[in-house]
Amino acid sequence: MRFFDPHIHMTSRTTDDIEAMAAAGIRAVIEPAFWLGQPRTHAGSFIDYFSSLIGWERFRCAQFGIAHYCAIGLNSKEANNEALAREVLELIPHFALKEGVVAIGEIGYDEITPAEDFAYQAQLDFARQHDLMVMVHTPHRDKKNGTRRSIDVAREHGIDMHKLVIDHNNEETVRDVLDAGAWAAFTIYPNTKMGSERMVEIVRQYGPQRIIVDSSADWGVSDPLSVPKTARLMLERGIPAAHVEAVSWGNALHAYAQSQQIDVAALDETPRLDQRQLFADNSVLRGQKPRIDEPVPN
Ligand SMILES: [Zn+2]
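From N to C terminus, the protein chain includes 11 helices and eight strands. Relative to the globule expectation of 19 Å for 298 residues, the C-alpha radius of gyration of the protein chain, 18 Å, shows essentially globular dimensions. Structurally, the protein chain occupies a C-alpha span of about 55 × 50 × 35 Å along its principal axes. A total of 298 residues make up the protein chain; the buried ones form 57% of that total. Look at the contacts in the protein chain between residues 6 or more apart in sequence, and 71% of them connect residues 24 or more apart. Put simply, the protein chain shows about 13300 Å² of open surface, and 49% of that area lies on carbon and sulfur atoms. Side-chain charges of the protein chain comprise 30 positive and 42 negative groups, with the mean position of each set lying 3 Å from the other.

This is the structure we're talking about:
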């Protein structure tokens, strides 16, 4: 079985993680722009971060056979530094329309402040103007109201519900998201919040339509193998294989392929690695022997 993890922060993960992900069957990932655990103080830090998402991080994943896409956006936490937020919002158009960018994200609410509302709405307007997908991070506190508000504001700003992915759902929010016609993504955390066991029951109850599983793995306690591990548990617990395939591969692909930035046919092919490749003269190998797969015979 192959897997798509459509929400993972690869910049925080090591090559050991990337190799383990590829070995577990993860074939494609989406890395949304996020905060780094410590607030940035200059717009230039965002320029370099966005550049790494479309450059070095894509290269690192490709070196191990994983297709890397990204989403560009100003996250809700850092939207609260209003002066910096205005500078970052001006940067978004310079990155969001580049190759391999599949959405505006992750954007939305954290504490539901006026500053967060301003940044969220400005980015929704940009997404609508350019017909882009939107990936929304819902708040961890007051999740039900925060989720409803995220959907309502997106709708008010003219976002097509088929282009809206609401993430970090749980049992309390899934019905609202599905009823709205948006995609309902679930972040599987290893210990707390949403775990694999709960995810199995959600898919059993709601079926696979428009439901997406992701890891959201970052610099905190998280698991980059959440998607394959949850898929395995679903199969063990009797969820039909076609449903497991939908929530761990097909739905994310259908949702984000609307961006026209995903070469769907290429994902069907077995990746052939050539670790002699360089990115801006740099390699991931640190002097170690490159893996070079034989070309496919004609
Ligand atoms: Zn995230």
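Opposite charge on two side chains lets them pair, provided their charged atoms get close. Under the counting rule described, the total for this entry stands at 19 salt bridges. For Asp223, the salt bridge goes to Lys229, with nearest N and O atoms at 2.7 Å. The partner of Asp293 in a salt bridge is Arg291, and the shortest N-O contact between them spans 2.9 Å. Taking relative accessible area as the criterion, Asp293 reaches 19% and is therefore assigned buried. Overlapping salt bridges, with partners in common, bring together Lys144, Arg148 and Asp176 in one network.

In spatial order, the strands read 1-2-3-4-5-6-7-8; together these eight strands make up an open sheet with parallel pairing. The sheet is open, and its two borders are formed by strand 1 (3–5) and strand 8 (211–214), each paired with just one other strand. Recorded for the sheet is a direction-independent mean angle of 25 degrees between the axes of neighbouring strands. As defined by bridge partners, strand 7 (residues 183–187) adjoins strand 8 across four bridges and the pair is classed as parallel. For Ala184, the partnering residue across the bridge sits in strand 8 and is Ile211.

Here we come to the coordination of the zinc ion. Protein ligation of the zinc ion involves His7 (NE2), His9 (NE2) and Glu106 (OE), the donor distances falling in the range 2.0 to 2.1 Å. If you list the donors of the zinc ion from N- to C-terminus, the spacing comes out as H-x1-H-x96-E. Within this pair, whereas His7 is found in the loop between strand 1 and helix 1 (15–23), its partner Glu106 is found in strand 4 (residues 101–108), the two being separated by 99 residues in sequence. Overall, Glu106 belongs to the buried group, its relative accessible area being 2%.

Parameters at a glance
- Residues numbered from 1 in each chain as written.
- Predicted model: local features only at pLDDT ≥ 70, side-chain atom pairs only at ≥ 80, totals over all residues.
- Heavy atoms only, no water.
- Helix = DSSP H or I, 4+ residues; strand = E, 2+ residues; numbered from the N terminus.
- Rg over C-alpha atoms; globule rule 2.2 N^0.38 Å.
- Buried < 20%, exposed > 50% of the residue type's maximum accessible area, 1.4 Å probe, protein only.
- Contact = heavy atoms within 4.5 Å.
- Areas by Shrake-Rupley, 256 points an atom, 1.4 Å probe, with all protein chains shown as cover.
- Lys, Arg positive; Asp, Glu negative; His and termini not counted.
- Charge placed at Lys NZ, Arg CZ, Asp CG, Glu CD.
- Salt bridge = Lys/Arg side-chain N within 4 Å of Asp/Glu carboxyl O.
- Pairing = 2+ DSSP bridges.
- Axes fitted to C-alpha atoms, helices over the stretch in contact; angles between N-to-C directions.
- Donors = N, O, S within 2.8 Å, 3.2 Å for Na, K, Ca; no water.

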